[in-house]
Every structure is written in C-alpha cells, then in structure tokens.
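Here's the letter readout for the chains.
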Amino acid sequence: MTPTPSVTVIVPAFNAADVLAEALRSIGEQRCAVEVVVVDDGSTDATAAVARACGARLLRQDNRGPSATRNAGLAVAATPLVAFLDADDLWPAGSLAARIAYLEAHPDAHYVQGRIRDLWPGLAPTGGDQLDAPRSGFNVGCALFQRALFDTIGFFDESRRHGEDVDLLVRAAAHGQRRGRIADVTLIYRRRLYDEVGAYRRHIANLTGAVKRTLDARRRRDG
C-alpha cells in the first residue's frame, strides 16, 4: 500500500524544461511520501511536458510571477506539511527526511530550515559546476513548513516579484511563528552570474521594506 503523503512539494516553474527533470528527480530521491505539484507559470517551452513525463501533478496559469505561482500550489495543498523547490534548484538526498524528523520531534515549531550550498554552473577550474561550502541563510527551498502557518500569516505577497521569501520570513516572525534550524544542507541553490552588488542592494531593500510593512500593519492594528 502506498503511504499517504504528509508533505506537498510545490515546484514553481517558468521555461524550466532544461532543469525541471533534475529538480523532480532530487525530490524523488528523498524516499518520502510526498505529493509533487508543479505550477507552470505561463511557460512557452516544454516545461509542462516534462512535468507530466515525471509524474507530477501539473497546474498551469498565465505568467504571474513566483509569489502567485507558489500561492497556486498552496491553494491545493491538503497535507499537514508544505515545502517548496524552485525548478532550477535541488535537494540533497535525505534532506527532506531530516526536516520532517525535526518537526516531528519539535511539535511547537512552525517551520524548520537547514543550510544552503550554492551551485555555480561551469565555474569550476575544470569547467564543471562549482559547489560552494555550506552557508546559513534563508530561502523557502531550504525550509519545511507546517501548512497551518500560512493560515496564520497569509500566503506570499503577489505584488512582489523579488524578495518574497524575505517578506514571508519577516511576517512569520511578526506573528510569533517559531523557527527551527538544523545543520544539514537542505538546498542546492543554482546561481547565475549577475551583478552581485546589485543583488545585495536588492536584498537589503527587500528586507527593509518587509520590516517597514510589518511595523506599519502592527501600528494600524494596535490603533
């Protein structure tokens, strides 16, 4: 008998036909009972065909950005736990089981996150991919959430096309949602060569904006 899934894995995908199968394979290698939901955000390539070939549940929508894409997956998630993996990222073997084990051992935790390793395609001295040392940081792909957290804090902010994970983290803290941490690497994050200074500035702006919005909402609520 097939075990009933305890985790819904939401995979937002946009023109990801070249990387999606590898991401889905990394989910399958977790050896956990999961439902995989690929949300195709208006792709014009073979993303949908890859998702079907890999046996994932497929949702399709017009292009609306990553927040709306994750929210579409959340809307159909019926399991007690929810995880996210972008179509170009990977999960190390055993990383989902480690997160599940933590939440089972700490029922007061609303979510748990692990560590991240950055993958730089083609940047190794040999011409292969370069995999950096583990680091701390937050990306929704390295975490596992109690589904009820989103009933408390709301879904992703669909007005944001960048920094939506930072915004979620700030709102979770503002609502008293308890975070757990594990030392395991739970996400291989595929990087792209771009202006790192500009990316850092966007990160700081996103964090500052998220904190301000949370404080403003609290002031309005408290009168």
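This text goes with the structure placed above it.
So, how was this worked out
Residues numbered from 1 in each chain as written. Predicted model: local features only at pLDDT ≥ 70, side-chain atom pairs only at ≥ 80, totals over all residues. Heavy atoms only, no water. Buried < 20%, exposed > 50% of the residue type's maximum accessible area, 1.4 Å probe, protein only. Helix = DSSP H or I, 4+ residues; strand = E, 2+ residues; numbered from the N terminus. Contact = heavy atoms within 4.5 Å. Lys, Arg positive; Asp, Glu negative; His and termini not counted. Salt bridge = Lys/Arg side-chain N within 4 Å of Asp/Glu carboxyl O. Polar contact = N/O pair within 3.5 Å; in protein donor to acceptor, adjacent residues only side chain to side chain. Core = buried A, V, L, I, M, F, W, Y, C linked by side-chain atoms within 4.5 Å. Phe/Tyr/Trp six-rings, centres within 6.5 Å; stacked < 30°, edge-to-face > 60°. Pairing = 2+ DSSP bridges.

Colleague: Explanation requested: helix α4 (residues 95-105) in the structure shown.
Modeller: Side chains that are three or four residues apart share a direction in an α-helix, a result of its 3.6 residues per turn. All of the buried residues along α4 are S95, L96, A98, R99, I100, Y102 and L103. Turning to α4, the residues buried within the fold contact β1 (7-13), β2 (34-41), β4 (81-84), β5 (111-120), β7 (143-146) and β8 (179-190).

Colleague: Explanation requested: the side chain of D41 in the structure shown.
Modeller: Residue placement: D41 occurs in strand β2. Buried and without a salt bridge, D41 has R161 as its closest oppositely charged side chain, separated by 5.3 Å. Of the polar contacts made by the side chain of D41, one reaches the side chain of T69; its length is 3.3 Å. Among all residues touching D41, those that are not within four sequence positions of it are A13, F14, Q61, D62, N63, R64, G65 and T69.

Colleague: Just to check I follow, could you spell out the environment of D62 for this structure?
Modeller: Within the secondary structure, D62 is located in the loop between β3 (57-61) and α3 (66-76). A sequence separation of 22 residues divides D62 from D40, and the C-alpha atoms of the two residues are 8.3 Å apart. When neighbours within four sequence positions are excluded, D62 is seen to be in contact with D41 and G42.

Colleague: I keep staring at unusual backbone geometry and nothing clicks. Help me out?
Modeller: Leave glycine aside and you will find that most residues have negative phi; peptide bonds, for their part, are mostly trans. For N15, which is not a glycine, the phi torsion comes out positive at approximately 45°. Mapping N15 onto the fold places it in the loop between β1 and α1 (20-28). Positive phi, close to 60°, is recorded for R31, a residue that is not glycine. Considering the arrangement of structural elements, one finds R31 in the loop between α1 and β2.

Colleague: Would you mind going over the nonpolar core with me for this structure?
Modeller: As a rule of thumb, soluble globular proteins bury nonpolar side chains together. Ranked by size, the top nonpolar core spans 32 residues in total, and within it V11, L20, L24, I27, V38, W91 and L144 carry the most contacts. For this core, the secondary structure elements donating two or more residues are β1, α1, β2, α2 (47-53), β4, α4, β5 and β8. Here this core gets 5 residues from one element, more than from any other, and that element is α4. Setting aside residues no more than four positions away along its own chain, L144 makes contact with V7, L81, V82, A83, L96, R99, I100, L103, Y111 and V112.

Colleague: In this structure, what is going on with the packing of aromatic side chains? I would like to understand it.
Modeller: Both the distance between ring centres and the angle between the ring planes are used here to describe each pair of aromatic rings. Counted according to the given criterion, the structure contains 8 aromatic pairs. Measuring from ring centre to ring centre gives 5.9 Å for F84 and F145, while their planes differ by 70°; the resulting arrangement is edge-to-face. Here F84, found in strand β4, pairs with F145, found in strand β7; they are 61 residues apart in sequence, far enough to count as distant. The buried category is assigned to F145, whose relative accessible area is 2%.

Colleague: For this particular structure, what's the right way to read the pairing of β4?
Modeller: Look at any regular strand and the pattern is simple: side chains alternate between the two faces of the sheet. Of the two faces of β4, the one carrying L81 and A83 and the one carrying V82 and F84 are both buried. Sheet topology places β1 next to β4; 4 bridges connect them, and they run parallel. Among the inter-strand pairings, I10 is bridged to a residue of β4, identified as F84. Relative to β7, β4 runs antiparallel, the two sharing 2 bridges. By the bridge assignment for β7, L81 is matched with Q146.

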